[in-house]
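The chain contents come next:
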Amino acid sequence: MTAIDLHAAGRLPTPADNAAIAIRDLPAGTAITHNGSTFTLSHNVLVGHRFAADPIAAGEPVRSWNSPFGRALRAITPGEYLCNAEVLAELNRRDLPFPLPAAPNFETAGAMYQLDEATFTPAEPLPRYDDMLMFEGYRRGAGRGVGTRNMIVLLGTSSLTGGFVRQLETRLQQHIPHHDHIDGIVAVAHTEGGHRSANNRDMVLRTLAGWMVHPNVGAVLAVDYGSEGINNAVLQAYLRDHNYPVDKVPHTFMSMSASFEEDMAQAAATVEAWLPAVNATPRTPQPISELKIALQCGGSDAFSGVSGNPLASHVAREVIRYGGSANLAETDELIGAEAYALDKVRDLATAQKFLATVERFKERVGYHGVSAEGNPSGGNKFRGLYNIYLKSLGAAVKRHPDVRLDAVIDYSERMTDPGFYFMDSPGNDLESIAGQVAAGCNMIFFVTGNGSITNFPFVPTIKIVTTTERFNLLAADMDVNAGAYLDGTPMDDMGADTLTLTRAVASGQLSAGEKAHHAQVQIWRDWQQTHTVNLTDIQPRDYTGQPLTIPPAENVPHIEIPVFETGEAPATEQIGLILPTSLCSGQIARQCVDKLNAELAGQAGISRFVTLVHTEGCGTSITTEYRTAQPNYLRHPNVRTALLLEHGCEMTHNAYFRGLMAENDLNPNDFGWASIQLDGGIGPVTERVVAYFREQLAQMHAAASTTAGLEAVRVGLVTSQALPDTEALALATFARWVVTAGGSAIIGEQDALLTGPFAAELGLHTPAPTLGYGQAITQPGFHIMAAPTPNWTETLTGLGATGVNALVAGVGEQAMPGHPMVPLVQASAQLPAADVYWPGGTATPAALLEAVVNTLAQRHAPLATTTGYTDFQITRGRLGVSL
């Protein structure tokens, strides 16, 4: 075989490196010349993975960017495929068509950084340019800065109102075409603040406050229930006490207090009244010193630190030299790169604060039994980022070598001066971006190797792809091909072109993500552990799955409901399910479901298509609750056909789920599979998903139907507040009817019903849970499900995974969000619009039974279903944490 030069096969980020990065898939036996000698590759080496370019003795460091990321376990010869144990495990999971090394040849190890305060020297700022570049923006004044968009924001103050603002966004879209100077009306829904005072309370309030006064916001409606841990009253006090200029933003704080439709009409009228004034705000010439750039990377690969991140840092440097700002985040993705991050710093205090922030992050995740080493996702490892050190070394170059670190700020803390900032945040892309936007960033640079499609609702994102091959695959969803640098285009030329694009997008040109109408939001999620504990004390409990004994009911009503014979348990509905494997594929799953319901619902007996959008599986630790609930949704009796949709670079990608299926006796061949990144982006993957279900339905016949009694009812019980005795007793009698007839009733362990007359009627005295969170029912009867939090949506989500075919809620004067797949019947003595209205102490189990039977028989569509007021969120339990 003719030998090729190293430059034709790989890249060394610095001449001192001994680990070369393969720039394409290289077959075993490839002969490579380097420094006057020739070696051959020991194995097939995947693009982005590393091979030894020089001999490495046992115990010596393995280096990229002239920094160690590993230590040789034995002598390594040039041409050997460099693999640690973690990346070998990931590659073996992928079922590759060629042999892999039998064992790792290096272990993860990075340099320990020590700040020498005695010799520390402050860095000088870069000199400013004398001239100024301009863009067309919205000057807000009053300390708010300049906007790159003019948006009306519909803010769910807490997690409980996320479903409401999403529905409100849909209803208000009709106004956009008639208002040329309004860039959008967007819902901002998140998962936080819905229950007790949480450990992330200050973070959530800073984030909400920062969003409300953001210069891209022309007006904002904040919606709550009023009873949440974080509600409008708490938010207003925070805004006032911390001097946020909210009075300079048209805004309204609204609490839901009537029926859903009345609240929706009131909210719509509020927004409609703002339209003329917001539309009257013009774009005017503004200096690019008003730009604040959020620097992000996601779906990173081995070339993120070679092409994409250097390009982003190049443009950020130019913006800073014009007097603007840039914000680097993702604390755990700088661990191991401290020496580079602190190469140039404004002063000693800033350097000390940076290191303290990193140590605080390590400590926080350590409380949960994980470390920052858990940050790289399966997709990261598959694309050549073997460990946190390699990922950090590549991520750190989002700070250009010429630029000094000017300030270290907390999550969502506002940027007040020009310069380069570091903001504390997890590596979770969406959680990190949310904080950067709240800090004031009005433009996002998102660097991606795999092709992440991430966008934010009211701040434009320029997505920079690291390689030409991946850019071509996903061209419709990406903005800049940084791979051109690998192909020979000078960085200065690419930087100039990207700066021009930045000014154009800041002036209103739509980014690729905006054209696709794609956006997602997530605040840094709450964490439960606040100190070091013995993790064996909080490992998952064993749950027997055996129902509790409750007194049998007399005179159980006879009912008949239609059911479908599709599996072990009778189905009351036939559903097509798209299961996003992580948060990043959720929004595309929603778009696919909308298209499927418009085109295919009703065929072959499928009544509707649903998706279960959540925030897990990417920059998070993978909890037992997640691993339990997700497979059980796939095997839910009402799911007739299902497809899994991955983003492509997450921790819980499709290959991960295939392994999870093996552990749960599910056959991967029974399901469809699609990948946003590997299938070519939003448009192609949508076509693939629709084609899969169209083919499935063409081969499928409607399931045979029959009738059943109460034994076919599997009902989850939940309350939003303590109920009057008459209502609690009505629910208890209803549960006894179902269980006595051979059905199942399940309640979360933190529900208020488990104290008072409900518990007394059922003979429950401090019972332990019989089912884990999301554990499937295998024995009918009365069950209590483990529920790590009292969060409404998390409880509904866990109950849905048990296999219930209906949810029954006792609520107060406000309608609560339902479940996207399992119908929720709401009963209330205070809400006339409820599915079951019990005024004046008239609560009866018969009325409840009638509503449930009519719902299961498709004769009644519950309030939450008809309004689309639903939500879904898997709990993180006690050990889940963002990474």
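The following refers to the structure shown. Not measured: the values here are computed from a predicted model.

So, how was this worked out
- Residues numbered from 1 in each chain as written.
- Predicted model: local features only at pLDDT ≥ 70, side-chain atom pairs only at ≥ 80, totals over all residues.
- Heavy atoms only, no water.
- Pairing = 2+ DSSP bridges.
- Helix = DSSP H or I, 4+ residues; strand = E, 2+ residues; numbered from the N terminus.
- 1 Å grid on protein atoms, 1.4 Å probe; cavity = no way out; pocket = protein on both sides within 12 Å on 5 of 7 lines; lining within 4 Å.
- Points joined across faces, edges and corners; volume = space filled by probe spheres on them.
- Salt bridge = Lys/Arg side-chain N within 4 Å of Asp/Glu carboxyl O.
- Buried < 20%, exposed > 50% of the residue type's maximum accessible area, 1.4 Å probe, protein only.
- Contact = heavy atoms within 4.5 Å.
- Polar contact = N/O pair within 3.5 Å; in protein donor to acceptor, adjacent residues only side chain to side chain.
- Nonpolar A, V, L, I, M, F, W, Y, C, P; charged D, E, K, R; others polar.

## Considerations on the sheet that holds strand S3 (residues 19-22)
Logical step 1: The 3 strands lie next to each other as S2-S3-S6, forming an open sheet whose pairing is antiparallel. A single partner strand is all that each edge strand has here, and the edge strands are strand S2 (10-11) and strand S6 (50-52).
Logical step 2: Both S3 and S6 contribute to a ladder of 3 bridges, which runs antiparallel. Its bridge partner lying in S6, Ala 20 is registered against Phe 51.

## Concerning the layout of surface pockets
The method is simple in principle: a probe with the dimensions of a water molecule rolls over the atoms, and the space it marks as empty is what remains.
Logical step 1: There is about 1100 Å³ of room inside the second largest pocket.
Logical step 2: Along the walls of the second largest pocket sit 40 residues, with Glu 568, Ala 569, Arg 635, His 636 and Pro 637 positioned nearest its centre.

## Some points on the pattern of salt bridges
Logical step 1: Counted by the stated rule, this structure contains 30 salt bridges.
Logical step 2: A salt bridge links Arg 94 to Glu 90; the nearest nitrogen and oxygen atoms lie 3.0 Å apart.
Logical step 3: On the accessibility criterion, Glu 90 (4% relative accessible area) is buried.
Logical step 4: Arg 525 serves as the salt-bridge partner of Glu 192, at 3.4 Å between the closest nitrogen and oxygen. Of the two residues, Glu 192 is situated in the loop between strand S13 (184-188) and helix H4 (201-212) and Arg 525 in the loop between helix H16 (512-515) and strand S24 (561-564); the sequence distance between them amounts to 333 residues. The same class applies to Glu 192 and to Arg 525, which are both buried.
Logical step 5: A cluster of three or more residues bridged by salt bridges with shared partners is formed by Glu 192, Glu 431, Arg 525, Glu 616, Glu 794 and Arg 876.

## Examining the pairing of strand S18 (residues 325-328)
Logical step 1: Neither face of S18 is exposed, since Ser 325 and Asn 327 on one face and Ala 326 and Leu 328 on the opposite face are all buried.
Logical step 2: Of the pairings in the sheet, the one linking strand S17 (residues 292-297) to S18 comprises 4 bridges and is parallel in character. In the sheet register, Ala 294 faces S18, and the bridge partner there is Asn 327.
Logical step 3: Judged from the 4 bridges that link them, S18 and strand S20 (residues 419-423) form a sheet pairing that is parallel. Across the sheet, Asn 327 pairs through a bridge with Tyr 421, a residue of S20.

## Quick look at the sheet that holds strand S33 (residues 806-810)
Where strands meet in a sheet, backbone hydrogen bonds hold them as pairs that are either parallel or antiparallel.
Logical step 1: One open sheet holds the 6 strands; their spatial order is S32-S31-S30-S33-S34-S35, and the pairing between them is parallel. Of all strands in the sheet, those with a lone pairing partner are strand S32 (782-785) and strand S35 (836-837), marking the two edges.
Logical step 2: Pairing of strand S30 (residues 714-719) with S33, which is carried by 5 bridges, proceeds in the parallel orientation. Bridge pairing in S33 places Val 715 opposite Ala 806.

## A closer look at helix H23 (residues 792-801)
Logical step 1: H23 sits mainly inside the fold: 10 of its 10 residues count as buried.
Logical step 2: Residues of H23 that are buried: Trp 792, Thr 793, Glu 794, Thr 795, Leu 796, Thr 797, Gly 798, Leu 799, Gly 800 and Ala 801.
Logical step 3: In this structure, the buried side of H23 is in contact with helix H18 (624-634), S30, strand S31 (744-748), S32, S33 and strand S34 (824-828).
Logical step 4: Measuring from the backbone nitrogen of Thr 793 back to the side-chain oxygen at the start of H23 gives 3.0 Å, which picks out Asn 791 as the cap.
Logical step 5: Directly beyond the C-terminal end of H23, a positive phi value near 105° is found at Gly 803.

## Quick word on empty space enclosed by the protein
Logical step 1: This model, assessed by the stated rule, comprises 6 cavities of 30 Å³ or more.
Logical step 2: Quantified by volume, the largest cavity comes out at close to 160 Å³.
Logical step 3: Lining the largest cavity are 18 residues, and of these Glu 192, His 195, Arg 525, Asp 526 and Glu 794 sit closest to its centre.
Logical step 4: Within the lining of the largest cavity, the residues separate by chemical class into 2 nonpolar, 10 polar and 6 charged.
Logical step 5: In this structure, the second largest cavity spans a volume of roughly 130 Å³.

## Overview of the side chain of Thr 797
Logical step 1: Relative to the helices and strands, Thr 797 resides in helix H23.
Logical step 2: Thr 797 sits in the buried class, given a relative accessible area of 0%.
Logical step 3: Polar contacts involving the side chain of Thr 797 include one to the main-chain carbonyl oxygen of Thr 793, which spans 2.8 Å.

## Quick look at the pairing of strand S4 (residues 31-34)
Logical step 1: Pairing of strand S1 (residues 4-5) with S4, which is carried by 2 bridges, proceeds in the parallel orientation. Across the sheet, Ile 4 pairs through a bridge with Ile 32, a residue of S4.
Logical step 2: Note: S4 against strand S5 (residues 37-40), 4 bridges, orientation antiparallel. Its bridge partner being in S5, His 34 is matched across the sheet by Ser 37.
Logical step 3: Counted between consecutive antiparallel strands, the loop separating S4 from S5 contains 2 residues, among which Asn 35 sits at a positive phi close to 55°.

## Side note on helix H12 (residues 429-438)
Logical step 1: With 10 of 10 residues buried, H12 lies mostly within the body of the structure.
Logical step 2: Every buried residue of H12 is listed here: Asp 429, Leu 430, Glu 431, Ser 432, Ile 433, Ala 434, Gly 435, Gln 436, Val 437 and Ala 438.
Logical step 3: Where H12 is buried, its residues contact H4, S17, S18, S20 and strand S21 (443-448).
Logical step 4: If you check the start of H12, you find a side-chain oxygen 3.2 Å away from the backbone N of Leu 430, and it comes from Asn 428.

## Observations concerning the environment of Leu 172
Logical step 1: In this structure, Leu 172 sits in helix H3 (residues 162-172).
Logical step 2: Leu 172 gets classed as buried once you look at its relative accessible area, which sits at 1%.
Logical step 3: Taking C-alpha positions, Leu 172 is 9.7 Å from Gly 184, a pair spaced 12 residues apart along the chain.
Logical step 4: Not counting the four nearest positions on each side in its chain, Leu 172 is found in contact with Leu 154, Ile 185, Ala 268, Val 271 and Glu 272.

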